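Coordinates in review
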Amino acid sequence: MEHDLKRLLAYHSIENIGIILMGLGAALMFLHTGHPVLASLALIAGLYHTINHAVFKALLFPRGGREWSTRPTSQQEEMGGLVKRMPRPRSVFWLGAVAISALPPLNRFL
């Protein structure tokens, strides 16, 4: 379990790059085997995941950087009290956290 918020977000991005590349690889595999409809669906899924990941990760990374600049540590356990001082970034971060968790009604759930 990772306790550094920025490192946790970076590891999650690496995982999602793998998922995106699996979609693109499946598109190439289907195209090579003569299944253009499946290739199109796999390509659309890979590109959709790319856009989706970029949007919700853009909500999470600024909060991680802001917390790091506010506190001398990036350990999550030592970052208490930031919600009271920064209410607006909290809302954006929570929206990104719900999106990354694939909870409805956000698009990662779909």
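All figures in this text were calculated on a predicted structure; none of them were measured in a lab. (Residues numbered from 1 in each chain as written. Predicted model: local features only at pLDDT ≥ 70, side-chain atom pairs only at ≥ 80, totals over all residues. Heavy atoms only, no water.)

**Topic: the overall build of the protein**
Of regular secondary structure, the protein possesses 4 helices and 0 strands. Shown N-terminal to C-terminal, the secondary structure of the protein runs as helices and strands in the order α-α-α-α. Taken over 110 residues, the protein has a buried fraction of 28%. Pairs at least 24 residues apart make up 57% of the contacts formed inside the protein by residues separated by at least 6 positions. (Helix = DSSP H or I, 4+ residues; strand = E, 2+ residues; numbered from the N terminus. Buried < 20%, exposed > 50% of the residue type's maximum accessible area, 1.4 Å probe, protein only. Contact = heavy atoms within 4.5 Å.)

**Brief notes about the environment of His 53**
With respect to the element layout, His 53 can be found in helix H2 (residues 36-70). Since its relative accessible area comes to 10%, His 53 is described here as buried. If we ignore the near neighbours within four places in the chain, the residues touching His 53 are His 12, Ser 13 and Asn 16.

**Here's the deal with helix H1 (residues 5-32)**
Helix length check: H1 (28 residues) gives 41 Å between terminal C-alpha atoms against 40 Å at 1.5 Å per residue, within 8%. Taken as a whole, H1 has its buried residues at Leu 5, Leu 9, His 12, Ser 13, Asn 16, Ile 20, Gly 23 and Ala 27. (Expected span 1.5 Å × (residues − 1).)

**Let's talk about a nonpolar patch on the surface**
Side chains of Val 37, Leu 38 and Leu 41 sit close together on the surface and give an oily, nonpolar patch of about 290 Å² of accessible area. Note that Leu 38 resides in helix H2. Residue classification places Leu 38 among the partly exposed positions, given a relative accessible area of 38%. (Patch = residues over 30% accessible without salt bridge, like charges linked within 9 Å, V, L, I, M, F, W, Y side chains within 5 Å. Areas by Shrake-Rupley, 256 points an atom, 1.4 Å probe, with all protein chains shown as cover. Salt bridge = Lys/Arg side-chain N within 4 Å of Asp/Glu carboxyl O.)

**Some remarks on the confidence of the model for the protein**
Summary statistics for the protein give a mean pLDDT of 80 and a share of 74% for residues scoring 70 or more. Looking at the elements of the protein, mean pLDDT is at its lowest for helix H3 (residues 82-85), recorded as 64, and at its highest for H1, recorded as 91. (pLDDT = per-residue confidence, 0-100.)

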